[in-house]
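Descriptive structure summary
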Amino acid sequence: ALWCLMMSVTPTRGCLLDLPWEDILVPHILCHLPLRQLLSLQRVSKSFQSLIQLYLANMRCFDSSQIGTTIPRVAFVNLLKDNEVLQQLALQNCSDWLTDRELLPVIGQNHHLHQIQLKGCAQLSRHALVAISLSCPNLRRLSLAHCEWVDSLSLRSLADHCKALEAVDLTACRQLKDEAICYLVQKCSRLKSLSLAVNANVGDVAVEETAKCCPELEHLDLTGCLRVKNDSIRVLAEYCPKLRSLKVKHCHNVAESSLSVLRSRGVELDVEPPLQRALVLLQDVVGFAPFINLQI
């Protein structure tokens with residue numbers, strides 16, 4: 001496709017650039033090309049450079065993985081400097097180069113963002129989350145997984161200003177404790193998906209408040225939350241009738257006695273029933289499991 005576009009500027013063919021840019025080229029042709037190839041097109045001619053700049057200014061979705069995890073800071077700034085219509089921004093695992101200095105101008109001029117992915121962006125600070133909360137009132141989905149800079153104050157700001165949130169990933173945000181999670185779910189009662197995984201500070205108080213405040217909850221990840229116990233799982237089963245999946249692997253204080261109610265409702269769990277786990281272990285060790293009479 002890139003070769004065809006470049007060939008279209010030869011004198012023997014009708015010039016692609018003669019087509020209406022904003023009505024045809026940007027929404028119906030360029031949108032089908034990978035971002036990396038579009039950036040290469042800028043080297044064809046000054047006209048193509050202007051066309052790609054127009055495309056970038058009107059781009060609704062930006063995903064850094066289409067270019068590569070390592071982007072020169074100046075290049076990133078130039079790519080989005082004229083864009084004020086972004087709806088989705090994905091910058092996962094950009095810890096090598098992404099700081100507040102690069103991100104905040106993009107957030108500040110894009111008030112229509114409804115999905116932001118910042119997983120593993122370790123060089124940002126709490127100011128990034130505050131900027132998101134103040135600039136993105138329509139935010140629906142936010143991933144802050146493995147962003148240990150997220151603290152209680154910045155999460156409060158998010159909860160105060162982004163009450164339409166439906167999915168939040170706080171995996172390994174280890175500064176957060178029960179109080180911060182409770183404030184979030186009290187303000188953002190539309191949550192359908194929440195991850196609190198790999199956080200030893202999260203316990204029953206946060207899980208119970210989530211259950212009581214978020215009746216639309218469908219997915220909850222508590223992997224590795226060592227303080228979570230059976231009582232909060234029972235509350236979850238009582239208050240969240242729409243729950244579809246629950247992850248409690250490595251939650252050593254959660255037993256089948258509390259999970260059985262959810263299992264009977266068809267909720268997808270990431271731990272097997274005790275008998276099935278025992279049979280799998282026995283089969284792995286001695287190979288006898290297939291011969292056990294389960295009717296005994």
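Attention here is on the structure that accompanies the text. Counting of residues starts from 1 at the beginning of each chain's written sequence and follows it residue by residue. Where local features are concerned, this predicted model is filtered to residues with pLDDT of at least 70; where side-chain atom pairs are given and counted, the filter is 80 or more; whole-chain, interface and lining totals use all residues. To obtain the side-chain values, all non-hydrogen atoms of the structure were used and water was disregarded.

Considerations on the environment of R101
Tracing the sequence through the fold places R101 in helix 6 (residues 100-108). Sequence separation between R101 and L124 is 23 residues, and the spatial gap between their C-alpha atoms is 8.8 Å. Helix and strand assignments come from DSSP, with helices taken as H or I runs of at least 4 residues and strands as E runs of at least 2, each series counted from the N terminus.

Digging into the pattern of salt bridges
Think of a salt bridge as a Lys or Arg side-chain nitrogen and an Asp or Glu carboxyl oxygen that are within 4 Å of each other. Taken as a whole and judged by the stated rule, the model has 10 salt bridges. Where D82 meets K81, a salt bridge forms, and the shortest distance between an N and an O atom there is 3.0 Å. Any residue under 20% of the maximum accessible area for its type is buried, any over 50% is exposed, and the rest in between are partly exposed; the area is computed with a 1.4 Å probe on protein chains only. You can call D82 partly exposed: its relative accessible area is 44%. We note a salt bridge from R263 to E256, for which the minimum N-O separation is 2.8 Å. By relative accessible area, R263 is classed as partly exposed at 24%. Owing to a relative accessible area of 22%, E256 belongs among the partly exposed residues under this scheme.

Here we look at the sheet that holds strand 1 (residues 61-63)
Spatially, 1-2-3-4-5-6-7-8-9 is the arrangement adopted by the nine strands of the open sheet, whose pairing is parallel. Edge positions in the sheet fall to strand 1 and strand 9 (268-269), since each has one partner strand and no second. When DSSP finds two or more bridges between two strands, those strands count as paired. One ladder, built from three bridges, connects strand 4 (residues 141-143) with strand 5 (residues 167-169); its direction is parallel. For S143, the partnering residue across the bridge sits in strand 5 and is D169.

Section: the side chain of S125
Structurally, S125 is set in the loop between strand 3 (115-117) and helix 7 (126-135). Engagement of the side chain of S125 in a polar contact is seen with the side chain of D100, the distance being 2.3 Å. Discounting residues that sit within four places of it in the chain, S125 has contacts with D100 and W149. N or O atoms closer than or at 3.5 Å make up a polar contact, with two conditions inside protein: a donor-capable atom paired with an acceptor-capable one, and, for residues adjacent in sequence, both atoms drawn from side chains. Residues are treated as being in contact if the distance between any of their heavy atoms lies within 4.5 Å.

Quick word on the packing of helix 8 (residues 152-161) against helix 9 (residues 178-187)
All axes here are fitted lines through C-alpha atoms, helices being fitted over the stretch that makes contact, and every angle between N-to-C directions spans 0 to 180 degrees. Packing of helix 8 against helix 9 leaves a shortest axis separation of 9 Å and a crossing angle of 5°. Relative to helix 9, the element helix 8 is oriented roughly parallel. Where helix 8 approaches helix 9, its residues S152, L155, R156, L158, A159 and D160 are matched on the opposing element by A180, I181, Y183, L184 and K187. Charged means Asp, Glu, Lys or Arg here, nonpolar means Ala, Val, Leu, Ile, Met, Phe, Trp, Tyr, Cys or Pro, and polar covers whatever is left, Gly included. A class-by-class count of the residues in the contact of helix 8 with helix 9 yields seven nonpolar, one polar and three charged. Small angles under 35 degrees read as roughly parallel and large ones over 145 as roughly antiparallel, with 65 to 115 read as roughly perpendicular and the rest as oblique.

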